[in-house]
Amino acid sequence: MPDQPPPKADITLGEALREDRREDCTPCKAIGAVAFMGLGAYIYVSGMSQLAAQEAEIARANTRFGIGIRRLGIQGMAAGLFGLGIYRAFFT
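Residue numbers run consecutively from 1 along every chain, following the written order of its sequence. Owing to the predicted nature of the model, reporting of local features is limited to residues with pLDDT of at least 70; listing and counting of side-chain atom pairs is limited to 80 or more, with chain, interface and lining totals taken over all residues. Excluded from the side-chain calculation are hydrogens and water; included are all heavy atoms of the structure.

A. Structural detail: the overall build of the protein. Of regular secondary structure, the protein possesses four helices and zero strands. Ordered by position from N to C terminus, the α and β elements of the protein give α-α-α-α. Each residue is placed in one exposure class: buried if its accessible area under a 1.4 Å probe, protein chains only, is under 20% of its type's maximum, exposed if it is over 50%, and partly exposed if it falls in between. Within the protein, buried positions represent 15% of all 92 residues. Only heavy atoms enter the contact rule, under which two residues are in contact if any of them lie within 4.5 Å. Within the protein, contacts between residues separated by at least 24 positions form 68% of all contacts whose residues are at least 6 apart in sequence. Exposure was quantified through the Shrake-Rupley algorithm and a 1.4 Å probe, taking into account, for residues, occlusion by the shown protein chains and nothing else. For the protein, the exposed area adds up to about 7400 Å²; of that, 64% sits on carbon and sulfur atoms. Counting from the N terminus, the helices are the DSSP runs of H or I reaching at least four residues and the strands are the DSSP runs of E reaching at least two.

Take a look at the structure:
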């Protein structure tokens, strides 16, 4: 069994986060960023097309939530995921 240094017992959270941050490789960042941005784009395109297909039925239904709030929800989710991709690409 090779000699290993004893584990650090007195490590702070800040030190642990700094050590973890150094391990993030460029391909990992690229894949993560593209995955988030792609998911955001997919949610937007898919959600808006499904919403357009169901627009008449939603308008006929007697619900509190009309087409506008549903559209806003899809746009919000898509923008949030796309923003996470931008954050992952440039700020981590």
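B. Seen up close, the packing of helix α2 (residues 26–53) against helix α4 (residues 67–90). Between the N-to-C directions of two axes lies an angle of 0 to 180 degrees, each axis being a line fitted to C-alpha atoms and, for a helix, fitted only over the stretch in contact. Running from N to C, α2 and α4 point in directions that differ by 170°, and their axes come no closer than 7 Å. Judged on the interaxial angle alone, α4 and α2 are roughly antiparallel. Tallied by class, the residues present in the contact of α2 with α4 amount to 18 nonpolar, five polar and four charged. Any angle that falls under 35 degrees is termed roughly parallel, while one over 145 is termed roughly antiparallel, one within 65 to 115 roughly perpendicular, and all others oblique. In this classification, Asp, Glu, Lys and Arg are treated as charged, Ala, Val, Leu, Ile, Met, Phe, Trp, Tyr, Cys and Pro as nonpolar, and every other residue, Gly included, as polar.

C. Seen up close, the UniProt feature "transmembrane region" (unreviewed entry) in the protein. Sequence positions flagged by UniProt for "transmembrane region" (unreviewed entry) are, in local numbering, residues 30–51 and 72–90. Helix makes up 100% of residues 30–51 and strand 0%, and the two end C-alpha atoms of the span are 31 Å apart. UniProt positions are given in the numbering used here, feature names are shortened, and annotations may be inferred rather than shown by experiment.

D. Just α4, in detail. The end-to-end C-alpha distance of α4, which contains 24 residues, comes to 34 Å, matching closely the 34 Å that a straight helix rising 1.5 Å per residue would cover. Among the residues making up α4, those that are buried are Ile74, Ala78, Leu81, Gly85 and Arg88. In this structure, the buried side of α4 is in contact with α2. How far a helix is expected to stretch is found by multiplying one less than its residue total by 1.5 Å.

E. Quick peek at the confidence of the model for the protein. pLDDT is defined as a per-residue confidence score from the predictor, taking values between 0 and 100. Residues with a pLDDT of 70 or more make up 89% of the protein, whose mean pLDDT is 88. When mean pLDDT is taken per element in the protein, α2 scores highest with 96 and helix α1 (residues 13–22) scores lowest with 78.

F. Inspection of the environment of Gly83 at higher detail. Inspection of the secondary structure puts Gly83 in helix α4. In sequence terms Gly83 and Ala33 are 50 residues apart; their C-alpha atoms lie 9.3 Å from each other.

G. Quick look at α2. The terminal C-alpha atoms of α2, which comprises 28 residues, lie 40 Å apart, in line with the 40 Å expected from a rise of 1.5 Å per residue. When α2 is considered as a whole, its buried residues turn out to be Lys29, Gly32, Ala33, Gly40, Ser46, Gly47, Met48 and Leu51. The inward-facing, buried residues of α2 contact α3 (55–60) and α4.

H. Main features of the environment of Cys28. Of note, Cys28 is situated in helix α2. Linking Cys28 and Arg88, residues 60 residues apart in sequence, is a C-alpha distance of 9.8 Å.

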